[in-house]
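The primary structure of each chain is shown beneath.
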Amino acid sequence: MPRSRPRDVPASLEERLAQLDALQQALGVRFRDRGVLEVALRHDSFAHERGAGTEHYERLEFLGDAVLNLVVSDYLFRQYPERSEGELAKERARLVSEAALAHLGRRLRLGSYLLLGRGEEKGGGRERPGLLADAVEAVLGAVYVDAGYGVAHALASRWVGELLQSLPARAEDFKSHLQERLQGTGRQPRYRIVEAVGPDHARSFRVRVEVDGDVVGEGRGRSKKEAEQAAAAQALARLDRGAP
């Protein structure tokens, strides 16, 4: 009995080319070399299954991360001349956060275009925020390599505008909210890093928050602070539900 294909994995070269054409249309960018875009969608788990020498997206992700940070910095510098360096840095961190980039990845349906290894596929990798965020950066890196900075700048600037419209005006400080909720009980939250994976330029952290030795929340993020905020948000949600 033949094995069924994972969801969204193309059955033929023609189907894959049609997928790449659809993504280019969504991006508003036409690649001269579609092979660069193909690499940007190839997860390292897929490459490892294909053997040594198979390219995957990490190098393009590294490049895309740098391009994105420059474009966002330039955009904010020109758009908000009255803001201080600290305010601009906070806004940039919000716009390039895992949550923001995963939002873009879902809007572009990047998960449906990714090539994943069997284990990553079974583990729900197509919907994982960290993987979607990495793929967004890899695609931007591919645009830069294929079409140059001007086209990459235009694309990333469009993304920034979309994020400023769709994201909350200011990220909530869930850690402070949790601290305030616990003050009346005389207890203190303690944050502990339980996992740190990925290369230096694209680290992903998993953090647990504990109260009196009990785990009350867990979160992931592209920085320790982001993961701590996610863990605090989960803890607050549990408190709101009346969990012990």
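Up top you'll find the structure we're talking about.
This section reports on the structure supplied with the text. (Residues numbered from 1 in each chain as written. Predicted model: local features only at pLDDT ≥ 70, side-chain atom pairs only at ≥ 80, totals over all residues. Heavy atoms only, no water.)

A few words now on the overall build of the chain. A tally of regular secondary structure across the chain gives 11 helices and 3 strands. Along the chain, helices (α) and strands (β) appear in the sequence α-α-α-α-α-α-α-α-α-α-β-β-β-α when read from the amino end. Rg of the C-alpha trace for the chain: 20 Å, near the compact-globule value of 18 Å for 244 residues, within the 12% margin. The dimensions of the chain, computed from C-alpha atoms along their principal axes, are 65 × 60 × 30 Å. Buried residues in the chain amount to 41% of all 244 residues. Residue pairs at least 24 apart in sequence account for 54% of intrachain contacts in the chain once pairs closer than 6 positions are excluded. (Helix = DSSP H or I, 4+ residues; strand = E, 2+ residues; numbered from the N terminus. Rg over C-alpha atoms; globule rule 2.2 N^0.38 Å. Buried < 20%, exposed > 50% of the residue type's maximum accessible area, 1.4 Å probe, protein only. Contact = heavy atoms within 4.5 Å.)

Bringing the packing of aromatic side chains into the picture now. Following the criterion strictly, the structure yields 0 aromatic pairs and no others. The positively charged end of Arg83 is found above the aromatic ring belonging to Tyr80, 3.9 Å away from the centroid. Sitting over the ring of Tyr191, Lys175 keeps its end group 4.7 Å from the ring centre. (Phe/Tyr/Trp six-rings, centres within 6.5 Å; stacked < 30°, edge-to-face > 60°. Lys NZ or Arg CZ within 6 Å of the ring centre and 35° of its normal.)

Our next topic: helix α11 (residues 224-240). Taking 1.5 Å of rise per residue, 17 residues should cover 24 Å, and α11 covers 24 Å from first to last C-alpha, within 8% of that figure. Within the sequence span of α11, burial applies to Ala227, Glu228, Ala231, Ala232, Ala235 and Leu236. Of the surrounding elements, those touching the buried residues of α11 are α10 (174-183), β1 (189-197), β2 (204-211) and β3 (214-221). (Expected span 1.5 Å × (residues − 1).)

The biggest cluster of nonpolar side chains holds 47 residues, and the ones touching the most others in it are Leu27, Leu41, Leu110, Leu140 and Trp159. Taken together, the elements giving at least two residues each to this core come down to α1 (13-27), α2 (34-40), α4 (58-79), α5 (85-95), α6 (98-107), α8 (129-147) and α9 (149-166). Leu140 has contacts with Gly64, Val67, Leu68, Ala152, Leu155, Ala156 and Trp159, leaving out every residue within four places of it along the chain. Counting residues in hydrophobic clusters, the runner-up holds 12 residues, among them Val211, Ala227, Ala231 and Ala232. (Core = buried A, V, L, I, M, F, W, Y, C linked by side-chain atoms within 4.5 Å.)

Right, let's talk about empty space enclosed by the protein for a bit. Unoccupied space between atoms shows up once a probe the size of one water molecule is rolled over them. The final tally for this structure, using the stated rule, is 1 cavity of 30 Å³ or more. Counted as a void, the largest cavity has a volume near 30 Å³. Around the largest cavity sit Leu68, Val72, Leu95, Leu101, Leu104, Ala156, Trp159, Val160 and Leu163, which together line it. The element best represented in the lining of the largest cavity is α9, accounting for 4 residues. (1 Å grid on protein atoms, 1.4 Å probe; cavity = no way out; pocket = protein on both sides within 12 Å on 5 of 7 lines; lining within 4 Å. Points joined across faces, edges and corners; volume = space filled by probe spheres on them.)

A few words on the sheet that holds β3. Within a beta sheet, neighbouring strands are joined by backbone hydrogen bonds and run either parallel or antiparallel to one another. Overall, antiparallel pairing links the 3 strands, which are arranged β1-β2-β3 in an open sheet. A single partner strand is all that each edge strand has here, and the edge strands are β1 and β3. Taken pair by pair, the neighbouring strands of this sheet meet at an average axis angle of 20°, ignoring direction. In this structure, β2 lies alongside β3, joined through 7 bridges in antiparallel fashion. (Pairing = 2+ DSSP bridges. Axes fitted to C-alpha atoms, helices over the stretch in contact; angles between N-to-C directions.)

Before going further, it helps to examine α8. Since the α-helix turns once every 3.6 residues, residues separated by three or four places project in the same direction. For α8, built from 19 residues, the straight-helix expectation of 27 Å at 1.5 Å per residue is met to within 8% by its first-to-last C-alpha distance of 27 Å. Of all 19 residues in α8, 15 are buried; the element is thus mostly enclosed.

Across the interface, α4 lies against α8 with an axial gap of 6 Å and an inter-helix angle of 85°. As summarised for this structure, α4 and α8 are arranged roughly perpendicular, according to the angle between their axes. Residues Leu60, Glu61, Leu63, Gly64, Asp65, Val67 and Leu68 of α4 form the contact with α8, whose participating residues are Asp134, Glu137, Ala138, Leu140, Gly141, Ala142, Tyr144 and Val145. Partitioned by chemical class, the residues of the contact of α4 with α8 number 9 nonpolar, 2 polar and 4 charged. (Parallel < 35°, antiparallel > 145°, perpendicular 65-115°, else oblique. Nonpolar A, V, L, I, M, F, W, Y, C, P; charged D, E, K, R; others polar.)

This part is about the environment of Thr185. Relative to the elements of secondary structure, Thr185 occurs in the loop between α10 and β1. Only 2.7 Å separates the side chain of Thr185 from the backbone oxygen of Leu182, close enough to count as a polar contact. Side chain to side chain, Thr185 and Arg187 meet in a polar contact 3.2 Å long. (Polar contact = N/O pair within 3.5 Å; in protein donor to acceptor, adjacent residues only side chain to side chain.)

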